Amino acid sequence: MLTLTEPAIRALERFIASSGEPVAGLRVTINGGGCSGYQYGMKLESAAGQDDVVLDCGGVSVFVDPTSAPLLSGVTVDFVDSIEGSGFKFENPNATASCACGSSFSA
């Protein structure tokens, strides 16, 4: 359903290790909003939700709610660290258009 690249896994491992709270995994969501209609969301979670799809991505648990799952099918999440800045980048084959900043899309 969703793939994390090696740089994304390493970045998440660093974030999880430095978290002051217990972390069970990463929640990835799709929400309405952004300049193109849908917006990606990510946050560390202490537990999966009852209806979540739970994925093992290179040792990192990823939680996806049933509403977000169809829009995340085939998505690759990368972590980019460059002179312009660093952050997570989503490559979504379901997107018919996306904004210039890459944080929202339409399907």
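Anything mentioned here points back to the structure above.
Residues numbered from 1 in each chain as written. Predicted model: local features only at pLDDT ≥ 70, side-chain atom pairs only at ≥ 80, totals over all residues. Heavy atoms only, no water.

J.: What exactly am I supposed to notice about the pattern of salt bridges here?
T.: If charged atoms from side chains of opposite charge come close, those side chains can pair. Within the structure shown, the criterion is met by 3 salt bridges. Close ionic contact of Arg27 with Glu45 constitutes a salt bridge, the shortest N to O distance being 2.9 Å. Pair noted here: Arg27 is in strand S2 (residues 25-33) and Glu45 is in strand S3 (residues 37-45), with a separation of 18 residues, a long-range link. Overall, the relative accessible area of 12% leaves Arg27 in the buried class. Residue Glu45 is classed as buried on the basis of its relative accessible area of 16%. Two residues, Arg27 and Asp52, come together in a salt bridge whose shortest N-O distance is 2.5 Å. Here Arg27 is found in strand S2, whereas its partner Asp52 is found in the loop between S3 and strand S4 (53-57), with 25 residues between them in sequence. One network of salt bridges, with partners in common, ties together Arg27, Lys43, Glu45 and Asp52. (Salt bridge = Lys/Arg side-chain N within 4 Å of Asp/Glu carboxyl O. Helix = DSSP H or I, 4+ residues; strand = E, 2+ residues; numbered from the N terminus. Buried < 20%, exposed > 50% of the residue type's maximum accessible area, 1.4 Å probe, protein only.)

J.: Looking at this structure, how should I read the nonpolar core?
T.: Buried together is how nonpolar side chains tend to be arranged in soluble globular proteins. Ranked by size, the top nonpolar core spans 22 residues in total, and within it Leu2, Leu4, Val28, Val62 and Leu72 carry the most contacts. Secondary structure elements with two or more residues in this core: strand S1 (2-4), helix H1 (6-18), S2, S4, strand S5 (60-64), helix H2 (69-72) and strand S6 (75-82). Broken down by element, the residue count for this core peaks at 4 residues, all from H1. Excluding anything up to four places from it in sequence, Leu2 contacts Val28, Leu55, Cys57, Val62, Leu72, Val75 and Val77. (Core = buried A, V, L, I, M, F, W, Y, C linked by side-chain atoms within 4.5 Å. Contact = heavy atoms within 4.5 Å.)

J.: Looking at this structure, I do not really get the sheet that holds S1. What am I missing?
T.: The pairing of strands in a sheet happens through backbone hydrogen bonds and is either parallel or antiparallel. In spatial order, the strands read S1-S6-S7; together these 3 strands make up an open sheet with mixed pairing. The outermost strands of the open sheet, each flanked by one partner alone, are S1 and strand S7 (85-91). Each adjacent strand pair in this sheet contributes to an overall mean axis angle of 20°, direction not counted. The pairing of S1 with S6 spans 3 bridges and is parallel. Residue pairing across strands places Leu2 opposite Val75, the latter belonging to S6. Strand contacts of H1: S1, S6 and S7, with the helix running at about 75° to S6, the strand carrying the most contacts. (Pairing = 2+ DSSP bridges. Axes fitted to C-alpha atoms, helices over the stretch in contact; angles between N-to-C directions.)

J.: Just checking my understanding: could you explain the packing of aromatic side chains for this structure?
T.: The relative placement of two aromatic rings is captured by the distance of their centres and the angle of their planes. Inspection of the entire model under this criterion finds 4 aromatic pairs. Ring centres of Phe15 and Phe79 lie 6.3 Å apart, and the angle between their planes is 75°; this geometry places the pair in the edge-to-face category. One end of the pair, Phe15, is in helix H1; the other, Phe79, is in strand S6, and 64 residues separate them in sequence. Among the residues examined, Phe15 registers a relative accessible area of 37% and is labelled partly exposed. The class for Phe79 is buried, based on a relative accessible area of 12%. Ring pairing ties together the aromatic residues Phe15, Phe79 and Phe88, which thus form one cluster. (Phe/Tyr/Trp six-rings, centres within 6.5 Å; stacked < 30°, edge-to-face > 60°.)

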